[in-house]
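# Structural characterization, general
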Amino acid sequence: SAALDLKKAENLADLADMAAARGNLGLATVGYRDVAQDWSQPQRNQATLNAALGGSVSLDMAAYQNFDLTLANDITFANPVVSAAMVGQRGTIGVVPAGFTIVALGTLWKRVGGTGAPGEISGIGRLDYHIRAQDRIEYVYNDVEI
């Protein structure tokens, strides 16, 4: 009957059990790019920026979670724009100095532990970060064994 036909414009909203419909279509475990999600299993992140950067840089943490950077000049990690959707985000910033240094971090960046202030960062390494709140990005710096 016409009353039972699915309506394309309704986009499953006309069904009594939308979750069951998504499951029947194989969409129950699909990741969405436009909403924050909780996961019950580990995920492999493909959102990595590979770049040569220098100067004052505000990393785009809305587009990328991980960064592999070769320094093209001395660098300052300025404060990124941190939205509510990114609170809780964790990632890494891999750094190959190529003769340059990390000279400063913006005011949102808060060091965890006793090392890793910009003046102490040398050599190939990695900043592991956690966006704890809109006004706080906690990080630890680790030199990488060569």
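None of these values were measured; they are calculated from a predicted model.

Procedures and definitions
- Residues numbered from 1 in each chain as written.
- Predicted model: local features only at pLDDT ≥ 70, side-chain atom pairs only at ≥ 80, totals over all residues.
- Heavy atoms only, no water.
- Helix = DSSP H or I, 4+ residues; strand = E, 2+ residues; numbered from the N terminus.
- Buried < 20%, exposed > 50% of the residue type's maximum accessible area, 1.4 Å probe, protein only.
- Contact = heavy atoms within 4.5 Å.
- 1 Å grid on protein atoms, 1.4 Å probe; cavity = no way out; pocket = protein on both sides within 12 Å on 5 of 7 lines; lining within 4 Å.
- Points joined across faces, edges and corners; volume = space filled by probe spheres on them.
- Nonpolar A, V, L, I, M, F, W, Y, C, P; charged D, E, K, R; others polar.
- Phe/Tyr/Trp six-rings, centres within 6.5 Å; stacked < 30°, edge-to-face > 60°.
- Core = buried A, V, L, I, M, F, W, Y, C linked by side-chain atoms within 4.5 Å.
- Salt bridge = Lys/Arg side-chain N within 4 Å of Asp/Glu carboxyl O.

## Overview of the overall build of the protein chain
The helix and strand inventory of the protein chain stands at 1 helix and 7 strands. Secondary structure elements of the protein chain, listed N to C terminal, follow the sequence α-β-β-β-β-β-β-β. Counting the 146 residues in the protein chain, one finds 25% classified as buried. Here the analysis covers contacts within the protein chain between residues at least 6 apart in sequence; of these, 50% occur between residues at least 24 apart.

## Some details on empty space enclosed by the protein
Under the definition given, this model contains 1 cavity of 30 Å³ or more. For the lining of the largest cavity, a count of residues per class yields 7 nonpolar, 3 polar and no charged.

## Looking at the packing of aromatic side chains
Counted according to the given criterion, the structure contains 3 aromatic pairs. Seen from their ring centres, F77 and W109 are 6.3 Å apart, and the 40° between their planes marks the pair as tilted. Taken together, the residues span a long stretch of sequence, with F77 in strand β2 (residues 66-77) and W109 in strand β5 (residues 109-111) at a distance of 32 residues. Exposure class is identical for F77 and W109. Each is buried. Taken together, a centroid distance of 6.2 Å and an interplanar angle of 75° make the contact between W109 and Y139 edge-to-face. Linking W109 in strand β5 with Y139 in strand β7 (residues 136-143), this pair joins segments that are 30 residues apart in sequence. Judged by its relative accessible area of 3%, Y139 is buried.

## Here's the deal with the environment of A98
Mapped onto the fold, A98 is located in the loop between β3 (90-96) and β4 (102-105). You can call A98 partly exposed: its relative accessible area is 48%. Put simply, A98 and G123 are 25 residues apart on the chain and 8.6 Å apart in space, counted from C-alpha to C-alpha. Residues within four places of A98 in sequence aside, it is in contact with T70 and L71.

## Quick word on the nonpolar core
Ranked by internal contacts, the top residues of the largest apolar core, which has 23 residues, are F77, I93, I102, W109 and Y129. Where this core is concerned, the elements lending two or more residues are β2, β3, β4, β6 (125-133) and β7. With 5 residues, β2 is the largest single contributor of residues to this core. If we ignore the near neighbours within four places in the chain, the residues touching W109 are M61, F77, A78, N79, P80, I93, Y129, I137 and Y139.

## Some remarks on the pattern of salt bridges
A complete count under the given rule lists 3 salt bridges for this structure. Between R132 and E138 there is a salt bridge, with the nearest N and O atoms lying 3.0 Å from each other. R136 is paired through a salt bridge with E138; the nearest N and O atoms lie 2.9 Å apart. The class for R136 is partly exposed, based on a relative accessible area of 33%.

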